[in-house]
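In case you want the letters, here they are:
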Amino acid sequence: MAGLMTFLGFSSGLDVSWNLHDSDGVPRGSVLVTGDKAGELPLYIGDQGVSGVVTCEVKKKKIDHVGIKIEFRGEIELVYDRGNHYDFITMEHQLETEPGVLEGSTMFEFSFDNAEKPFESYNGMNVRLRYFLKLTIMRKFAANITREHELWVINYPSQQLSPKNPSIKMEVGIEDCLHIEFEYFRSKFHLNDVILGKIYFLLVAINIKYMEIALIKKESTGSGHNVYNESDTLAKFEIMDGAPVRGEVVPIRIFLDGFDLTPTYNSIHSKYSVKYYLNLVLVDEEDRRYFKQTDIQLFRLPPENSKREGFAQLEDPDKQPPSKRRKKKKSSKSKSKK
Amino acid sequence: MSNDPFEIEQQKLLNEAIQVVNEQGQCMKIELDRNSLRSALTACASMISELRTSLLTPRNYYALYLVASQHLNSLTEHIEMGDHGLSMNELYELVQLCGNILPRLYLLIAVGSCYIKSKEIPAKDIFHDLVEMTKGVQHPTRGLFLRSFLSDSTRELLPDRGSEYNRGSTVNDSIDLILTNFTEMNKLWVRMQHGKSFISQARKEAERKQLGSLIGKNLQRLAELEGLTIGIYQSDVLTRILKQIDKCGDVLAQQILMETLILAFSDEYHLRTLPTLLDTVLKLTDGVNIQSIVGLLIERLSAYIKENPSKSTHSQGVEEEKDIFLVMSDYVVQVASERDYVDTPDMLRLIGSLLNMVFECFPGEIPYVDIIFDLVYVHIDGKTRGETSDCDEILRETRKLLLVPMETFQNITTLLDLSNYTKVIEILPYEERKYVVTRLAQNAVDNDTQLTSVEEVDLLLSLLGPLVRDCDDKTGNDYDEDFDEEQNLVASMISLFYNPEFETHINILSTAHEHFSAGGIKRITYTLVPLVFSTLQLIQKSGTQDKTLLRKALKLAGTAVTSLHSAGKPDISFRLYLHAALAAGKLGLPQMSYDFLTKGALTIYDEEIASPKNRFDAMILFVAALKELDCFSHDSYDTLVNQTAVTCSRLLHPEHQARALTATAGLFVSALDYGENQFVEAKLMKDKLSKAAKLVNAMEPDYQELKEELILEMLDYGVYLVGANNLDPTTLSSLITVTKNFFEEGKTSNTSAHAIHLKKTLKRINQLSSENEAYGEVDIYQLKDFFS
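Residues numbered from 1 in each chain as written. Chains lettered and ligands numbered in written order. Predicted model: local features only at pLDDT ≥ 70, side-chain atom pairs only at ≥ 80, totals over all residues. Heavy atoms only, no water.

Q: Pulling in residues and values, what's your account of the pattern of salt bridges?
A: All names here are of chain B. Counting across every chain of the model gives 37 salt bridges over all chains. For the salt bridge of Asp4 with Arg203, the shortest nitrogen-to-oxygen distance reads 3.6 Å. Residue Asp4 is found in the segment before helix H1 (5–33), and its partner Arg203 is found in helix H9 (residues 201–224); the two are separated by 199 residues along the sequence. On the basis of relative accessibility, which here comes to 27%, the residue Arg203 falls in the partly exposed class. (Salt bridge = Lys/Arg side-chain N within 4 Å of Asp/Glu carboxyl O. Helix = DSSP H or I, 4+ residues; strand = E, 2+ residues; numbered from the N terminus. Buried < 20%, exposed > 50% of the residue type's maximum accessible area, 1.4 Å probe, protein only.)

Structure representation (structure tokens):
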């Protein structure tokens, strides 16, 4: 590839290598990122300073320049708006202010001590939020030479999350056909959490084939008239096989470890949001689907706080099924024929 | 291999599934060998995914399950070795990432069991989790097998007395696990009968029945727990089991589980919890064959009591044992009254178990047997004559019940004491009654059971109705091919009637006679003859001097013969009269003897013996009998002899006449003892012989051979009479003359058989003359020429 580039004249005969380290000089850890820009990227947490050494090696001849700068940038790219980048952060350092010549190998140290990183990196379906370092060698009679270096940023919530983590409890059904009550014991989960819950069958007059919970990610981009919604079913998790009878209680336990998740994002830079839903789906023998979607919140916890003790036990197994005081609530359940 | 297209299809599906399971299982093993646990788990999950099928019948599903669970074993073995680099907890979570529930849970159980085995966690935590998580599989067949896998996987890991998995757990946790699993499995099992299906309902139930052992296995597991004391069992476990059995309301499940429960737990436990158990049984759904359940329970308890007599004889001892019987028999009554639907044959089978219990455990308690037959009576009364559709079955069961005590006691007198036993026999329909009483009679004969009282015999013979007499309810023809056998059987019973007291014995026979004489012409031929002989034999053996009794006995014999006679059996009656007469004569009862001869034998002779041959035979017998008798007064004897002579001379054939008269001549012998009339008698004797000779003489010449034969007989008899009865030698001489004439007339060769006979006779006379001078006076030389 490099040869081809050279041949076509795009190559400037310049190799740039990055060596990032913490403020105390320790090399950065890295993270494996999937998606559009898959690969191993240096990982930054929160507002950690970004510093390091960039080495320029000129292969063939010397390069004349009128100055060299390095930028730290955060920008949002939207699919429907290709080409337009919304920079939400730009920081710049001049490495060479005077015109000069680059020859052989030259090292530049740089440091963005207060690199502000308000959002997490994100590789979505229609949107990408990226942080990168950009090296620019400015030239007088030729195009500037630029080199970018991607970073991956995650944030742990700065303020203490509200300790309230209410359960989600809902009774749904279709009159004289199906009544169930389901309960997720919590509504907020960290990314390595376990979703626990139970489903109580109060009335079953249809032949259920199976029940599953789909974990759905919804990404909405844009605003106003130009809102693009994209949803992706991350996983389908079968939680029941066969037809239960009235009175049965089926447990839910889903480990989130296995899925590629991000925290819930609310209106990032007014450009996009990412939300997660649990969709409880019942499928009957005629392949009709009955479902109820519930949104949940995901958040990121530092690894030391998300460790589980022992295995995730179901809570209070003897918990009584929902009381008899049931109002005939009109179903909120959608029914769709496949 | 079946040709049923459905079966073929099933077989095909099964084979395919097994092939996939084996392939994936093989993949898993390869991965395990490479110590790549995650890949192995993936392969394992796709292997178990084959178990997600809904197409196989439970039986074929079971076959598939077995193959898959074997592969799972190699997975657990590998995990237990522990060099896979994951902690048990990590592994336990890892397998839960599997998106499909069935493979996920199989893996969870497999890993969970390894987790317990590692002892890193109290068994109860895992138990609790597994039992709870498996609720996710609600499909009956799949759920059932999944839980069965759970049950099998934890089998060795149960905290129990002496178990190595007791840390943080107790036997109660094992009990909880098993009971919850039992309950859930049962629910699924019961549900299996509903829902759509591609096989017929009957077949579905049959397949479902086969799965019963999977659920029952839980009860066996419970019973195997050493820590399950009678206390825990009584206060907790049993209640929970019974609650589930009661609650599920399913006929098949209740039936199988109750039976399994009874078989699984120790009989001692049952004994201790009997009331609870019995109560529950009574409440089972209609349609459950509770009779068989109770029957089983009774059998088990009997066996237990029998094996552990010591346990039940100390402390409360025998009393307690008896209580068990009474408890159970009361309960059986309760079952009958409280259950809406009581199937009589089943009820009878149940009573049968009760009966066995008595014989096993309380062999001495004859009254219990009677209680049981009272139950039988109550249940079959009004149902034995085709009133209900199951009549045949009822009769079959009743028959079994009746035969048991017969075989057991080997003594029918015991049975005769049981009023309810005989009551039951009496309400049986004719054919059945006949069968049972035949067996009864046979039993008595086979065991040589002596019947020693009038009451017994009376009762027995009343009971033997269909054999002894024509019954009102008789069906079909009694006189079939078996008749002969039956009557011989009855006849042989007469030898069983016995009492050392002569009078009682006579009374017994008299009672028997009453019964027999009502039996109709065909029967009495069989029965009365032996009765008469039995009576006469008794008389002869008795040695009693009590004339009144003897008379009574003889009268009985006489009456019996008269009955036979009036039944149209002249020949046999005639002979029996002669026997009776002989007996009477020997006992010094001349009058009776005389009456037997004249009023009995001779009357029959005169009136009913018709054929010349029979008449001749009869007379010969009569003469022989008369000859034996020496009890008569001279006059009586004279009359008898004369009458005999007259009768003989009236025989139709000269040949018969001649022979009979020859025989009669001997009768005058005894008359010689009578002194003064000696001469007369001797003369009569001579007369008879002469007359006989004349008769022979007068016969057609055609009968030369016969005539020679007769005259030779006469001559021989004459030889005898000379020696024995002082026959005048001249009479013999004249007989020889007659003979000589005969031979000459007939031109008989002196080398013919008769001539040789004659020659021998003469030689004999010659020999005898050296001992008795009377023979010397016989003129034997007149035949010299004939033989020269």
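Read on, since the account is not over.
Q: Can you break down a negative patch on the surface residue by residue, with the values?
A: Residue and element names in this part refer to chain B. Taken together, the side chains of Glu481, Asp482, Asp484 and Glu485 make up a negatively charged region of the molecular surface. Relative to the assigned elements, Asp482 resides in the loop between helix H24 (465–468) and helix H25 (483–493). Note on Asp482: relative accessible area 36%, which makes it partly exposed. (Patch = residues over 30% accessible without salt bridge, like charges linked within 9 Å, V, L, I, M, F, W, Y side chains within 5 Å. Areas by Shrake-Rupley, 256 points an atom, 1.4 Å probe, with all protein chains shown as cover. Lys, Arg positive; Asp, Glu negative; His and termini not counted. Charge placed at Lys NZ, Arg CZ, Asp CG, Glu CD.)

Q: Account for the environment of Gln10 of chain B, naming residues and giving values.
A: All names here are of chain B. Within the secondary structure layout, Gln10 lies in helix H1. Considering only alpha carbons, one finds Gln10 and Ile175, 165 residues apart in sequence, at a separation of 38 Å. Within polar-contact distance, the side chain of Gln10 engages the backbone nitrogen of Thr57 at 2.9 Å. (Polar contact = N/O pair within 3.5 Å; in protein donor to acceptor, adjacent residues only side chain to side chain.)

Q: Quick one: what's the story with the interface of chain A and chain B, residue by residue and with numbers?
A: Across the contact, 26 residues belong to chain A and 31 residues belong to chain B. At the surface where chain A touches chain B, the tally comes to 5 salt bridges. The residue Asp241 of chain A makes a salt bridge to Arg142 of chain B at a minimum N-O spacing of 2.5 Å. Here chain A is connected to chain B by 13 residue pairs in polar contact (both at pLDDT 80 or more). For the side of chain A that touches chain B, the secondary structure elements donating two or more residues are strand S18 (228–241) and strand S19 (249–255) of chain A. (Contact = heavy atoms within 4.5 Å.)

Q: Pulling in residues and values, what's your account of the confidence of the model for chain A?
A: All names here are of chain A. When pLDDT is averaged across chain A, the result is 82; 82% of the residues are at 70 or more. Mean pLDDT across the elements of chain A bottoms out in helix H1 (residues 2–7) (43) and peaks in strand S21 (residues 272–284) (94). In the predicted structure, residues 1–10 sits below a pLDDT of 50 and forms 4 contacts with residues beyond four places in sequence or in another chain. Note that pLDDT drops below 50 for residues 316–338; the model gives that stretch 41 contacts with residues more than four away or on any other chain. (pLDDT = per-residue confidence, 0-100.)

Q: Run through the sheet that holds strand S14 (residues 178–184) of chain A, naming residues and quoting values.
A: Residue and element names in this part refer to chain A. The strand order S13-S14-S16-S19 describes an open sheet built from 4 strands, whose pairing is antiparallel. Strands at the two margins of the open sheet, each flanked by one partner only, are strand S13 (168–174) and S19. Put simply, the sheet's adjacent strands are angled 20 degrees from each other on average, direction ignored. Two elements, S13 and S14, share 7 bridges in a ladder whose sense is antiparallel. Bridging from a neighbouring strand, Ile174 pairs with Leu178 of S14. (Pairing = 2+ DSSP bridges. Axes fitted to C-alpha atoms, helices over the stretch in contact; angles between N-to-C directions.)

Q: Break down the pairing of strand S9 (residues 105–112) of chain A for me, citing the residues and quoting the values.
A: Residue and element names in this part refer to chain A. Here S9 shows a clear split, with Thr106, Phe108, Phe110 and Phe112 buried on one side and none of Ser105, Met107, Glu109 and Ser111 buried on the other. The pairing of strand S4 (residues 50–58) with S9 spans 8 bridges and is antiparallel. Bridge pairing links Ser51 to Ser111 in S9.

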